[in-house]
Amino acid sequence: MSTTRRNTSQRLTLAILILLSVTAITLDYRGEASRAIRSIRNGARDAVSPIQRVLADALHPIGDLFSGAVNYGDAVRENEQLRGELGALRREALENETAEHQLQEILNEQNLPYVQNIPQLLAEVISGPSSNFQDTFEIDRGTSSGVGVAMPVVAGPGLVGTVISAGSGTSVVQAITDPGSSFGVSFGTPTSVAVAYGRGTGYPLYLANVTADVQVSVGEAVYSSGIAGAALPAGIPVGTVSSWHYSGGALTKTVFVTPVADLSGLNYVTVLQWFPAP
Amino acid sequence: MTGRASLRVAAVVCVTVVVQEGILNGLVVGGAHPDAFLVLAVAAGLVAGPQTGAVIAFAVGLVADLFVLTPFGLSALVYVLVAFGVGVAASLPAGRSPYSFRLTVALAGGIAGTLLFEGISLLLGQPRMPAHELVVVAAVVGIANVVLVLPATAVMSRAINTGPPRDLAAVSGGSAAR
């Protein structure tokens, strides 16, 4: 009897909690409540950001070490390629390698050739993806620094993502590899346009709408298209064609693009203060 | 659960926020990182049983939802289901075996939580995660759960003040308070 009552009580509690969760999800999909939830989320992120900054500064070198250990195979291949180029560039060992490394990363973010006259803002990456189901990262600049939703974010050689949420002191950036990310790109001569879709962390982007008659070659550079109404300004390097495939008779080609920027080890990025045309 | 116990659980959740947002988010392996909030939900189910465990997991899920951009309440729903399932499993006679049960439940909870999250996300119209990435996420979260569940259970047990963890009590012949 008591077991039955306890089981009933447990099931009732479970049903109430499921109902509450579903209610919260429903509210998030509605206009006014969604805005309130967004501002609460931004506030929570801003509240935690000072701790994140401290931990990010302390843990970046450890994170680099960890990343290097995990991606050992890639590191070895890359090392072999770079070894030949290093001879001319070798110089005295620096007393503080970590500080020099960070300084170099910041300097790399200055004078980006493809930015042209778009105002830019340097930001530090203070946290990796909060969810395993979204390829995002958090930066230490928000609306108080002039960051807004939909602004492009670049790092060194090219595009890394766009701002999808901005609090007063922090912002969340959706990486171009996120499965929910898509934007217009151009490539080749004569110029062809397509839509690039993210396929998850560590995987090349997929180009859709590449018709069968378009000439594609491996290694070809791909840029943001910037055509009217585009979400990104024109001419930002996105990546290079890593492979393409065409099945005879199909209307389109399957094209994959490897991002030009290394999205796995971002410490500093540049926010381009540019909004898409309304 | 008493008011003091609730405060202690709230403190544990606050520490988990710092650990997750400040440290674990950066420990990315193959595009996935450990989920300390899910570990806490599993620990709540193990220590407090299906009913109280699910309530704690709901609160943990709402806090976790503040730091992600997936639909608000989705983590709470998943954690409730995982904690309830873990609590039911822990209340079965087989659940009274020592640590191996706890580790197995943690692994299963990590994998089930990942698959539930993806399944409900798809129902809500969120972008589909590629299958290869889903496998990696489930593996990383499951293994991290195994690594973290014993300390999480010990902390949760102290916070709720249920006495020694149940499996330890079973091994030593004692009885855990509920």
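These numbers were taken from a predicted model, which means no experiment stands behind them.

### A word on the overall build of chain B
Helix and strand counts for chain B come out as six helices and zero strands. Listing every helix and strand of chain B by position from the N terminus yields α-α-α-α-α-α. Taking all 178 residues of chain B together, 56% fall into the buried category. Contacts spanning at least 24 positions in sequence make up 69% of the contacts within chain B whose residues lie at least 6 apart.

### Observations regarding the overall build of chain A
Tallying secondary structure elements over chain A gives four helices and 12 strands in all. Across the 278 residues in chain A, those meeting the buried criterion constitute 34%.

### Some points on the packing of helix α1 (residues 2-28) of chain A against helix α2 (residues 36-65) of chain B
The geometry of α1 of chain A relative to α2 of chain B is characterised by a closest axis approach of 9 Å and an angle of 15° between their N-to-C directions. Between α1 of chain A and α2 of chain B, the crossing angle belongs to the class labelled roughly parallel. For the pair α1 of chain A and α2 of chain B, the sense of crossing is left-handed. The residues of α2 of chain B that touch α1 of chain A, namely those facing S9, Q10, T13, L14, L17 and L20 of chain A, are P50, Q51, A54, V55 and F58 of chain B. Split by residue class, the contact of α1 of chain A with α2 of chain B holds seven nonpolar, four polar and no charged.

### Side note on the nonpolar core
Residues and elements named next belong to chain B. Residues V42 and Y79 are the most contacted members of the largest nonpolar core, which totals 107 residues. When residues of this core are assigned to their parent elements, the largest contribution, 20 residues, is made by α2. Beyond its immediate sequence surroundings of up to four residues, Y79 is in contact with F37, L38, A41, A57, F58, V60 and G61.

### Quick word on the confidence of the model for chain A
All names here are of chain A. Residue-level pLDDT values for chain A average 82, and 79% of them are 70 or greater. Within chain A, no element has a lower average pLDDT than helix α3 (residues 72-89), which sits at 57, and none a higher one than strand β5 (residues 171-175), at 94. Overall, residues 90-95 carries pLDDT values under 50, and its contacts beyond four positions in sequence, including any with other chains, amount to one contact.

### Looking at the sheet that holds strand β7 (residues 192-197) of chain A
Judged by pairing direction, the barrel is antiparallel, and its six strands sit side by side in the order β6-β7-β8-β11-β10-β9 (chain A) before closing back on the first. Going from strand to strand, the sheet's axes swing by 40° on average, the running direction of each strand aside.

### As for the interface of chain B and chain A
With 44 residues of chain B at the interface, the matching set in chain A holds 44 residues. Contributions of two or more residues to the side of chain B that touches chain A are made by α1 (3-22), α2, α3 (74-91), α4 (99-123) and α5 (131-160) of chain B. Its residues placed into classes, the side of chain B that touches chain A shows 29 nonpolar, 10 polar and five charged.

### Quick word on the sheet that holds strand β2 (residues 136-139) of chain A
All names here are of chain A. Taken in spatial order, the six strands close into a barrel running β1-β2-β5-β4-β3-β12, and their pairing is antiparallel. Between one strand and the next, the sheet's axes are offset by a mean angle of 45°, whatever the strand orientation. The sheet contact formed by β2 and β5 spans four bridges and is antiparallel. From the neighbouring strand, I139 faces β5, where its bridge partner is S171.

### Details of the pairing of strand β1 (residues 120-127) of chain A
All names here are of chain A. Pairing geometry for β1 and strand β12 (residues 268-272), over five bridges, is antiparallel. Among the inter-strand pairings, Q120 is bridged to a residue of β12, identified as L272. Of the strand pairs in this sheet, β1 and β2 are connected by two bridges, and their pairing is antiparallel. Across the sheet, residue S127 finds its bridge partner in β2, namely E138.

Quick notes on the rules
Residues numbered from 1 in each chain as written. Chains lettered and ligands numbered in written order. Predicted model: local features only at pLDDT ≥ 70, side-chain atom pairs only at ≥ 80, totals over all residues. Helix = DSSP H or I, 4+ residues; strand = E, 2+ residues; numbered from the N terminus. Buried ≥ 20, exposed ≤ 12 C-beta atoms within 10 Å, placed from the backbone. Contact = placed C-beta atoms within 7 Å. Axes fitted to C-alpha atoms, helices over the stretch in contact; angles between N-to-C directions. Parallel < 35°, antiparallel > 145°, perpendicular 65-115°, else oblique. Left-handed = near helix turned anticlockwise from the far one by under 90°. Nonpolar A, V, L, I, M, F, W, Y, C, P; charged D, E, K, R; others polar. Core = buried A, V, L, I, M, F, W, Y, C linked by C-beta atoms within 7 Å. pLDDT = per-residue confidence, 0-100. Pairing = 2+ DSSP bridges.

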